[in-house]
Amino acid sequence: MGTPIKLSEPDKSDGKEIFNLINRCKPLDVNSEYLYLLQSTYFSNTCSVAKMDNNVIGFISGYLVPKRSDTLFIWQVAVDETARGKSVAKNLLLEILNRECNNQVNYIHTTISPDNKASQRFFEKFANDFDANIESSTFLEIEDFNNAHEKEVLYKIGPLNKGKK
């Protein structure tokens, strides 16, 4: 049956392992360790961590969009190569949405670079599973960045049909 995967809000002690996970999950942008510590403390109610044998094998970071408490912006989705194909990303996102503090969320926004086909498929399937609309439009152009970076496409998903969970 295998070792169970445990999902929970992250805490400060997860920050280092989350940083290392992101480093292993190309093509994700690696942010500072400080950011992952902030996400694991101040934004823990909109983030989720997956652990197997007490090791971080998955992480979703997000935050409620300012002035839109019904919209959860998903920043990064990372699943270790060893845990892929086990619905870890979907379960992490559901774990966030099922929290009482997030019961007002009816929309999900995220940005995805055009080369990240896995993330595109994940969010398209998630929208389909929730019988939700999905729209995409360019959010950030290459010119918006100082350093070489692909454009970022904004995906808007919703409203979520929470009866489909």
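Residues numbered from 1 in each chain as written. Predicted model: local features only at pLDDT ≥ 70, side-chain atom pairs only at ≥ 80, totals over all residues. Heavy atoms only, no water.

Undergrad: Any chance you could explain the packing of helix α1 (residues 15-24) against helix α2 (residues 33-41) here in plain terms?
TA: Between two packed helices, both the angle of their axes relative to each other and the distance between the axes serve to describe the pair. Where α1 meets α2, the closest approach of the two axes is 8 Å, and the angle between their N-to-C directions is 125°. Between α1 and α2, the angle falls in the class oblique. Crossing of α1 over α2 shows right-handed handedness. Contacts between α1 and α2 involve G15, K16, I18, F19 and I22 from the first element and E33, Y36, L37 and S40 from the second. Partitioned by chemical class, the residues of the contact of α1 with α2 number five nonpolar, two polar and two charged. (Axes fitted to C-alpha atoms, helices over the stretch in contact; angles between N-to-C directions. Helix = DSSP H or I, 4+ residues; strand = E, 2+ residues; numbered from the N terminus. Parallel < 35°, antiparallel > 145°, perpendicular 65-115°, else oblique. Left-handed = near helix turned anticlockwise from the far one by under 90°. Contact = heavy atoms within 4.5 Å. Nonpolar A, V, L, I, M, F, W, Y, C, P; charged D, E, K, R; others polar.)

Undergrad: Just to check I follow, could you spell out unusual backbone geometry for this structure?
TA: With the exception of glycine, most residues fall at negative phi, and the peptide bonds are largely trans. The omega torsion across K26 and P27 is 10°, close enough to zero to call that bond cis. With respect to the secondary-structure elements, P27 resides in the loop between α1 and α2. Along the chain, G158 connects to P159 via a cis peptide bond; the corresponding omega equals -5°. With respect to the secondary-structure elements, P159 resides in the segment after β7 (152-157). In this model, D53 sits at a positive phi of 55°, which is unusual for a non-glycine residue. Examined against the element boundaries, D53 turns out to sit in the loop between β2 (48-52) and β3 (55-65). Even without a glycine there, the phi angle at D131 is positive, about 50°. Looking at the element boundaries, D131 is found in the loop between α4 (117-129) and β6 (134-140).

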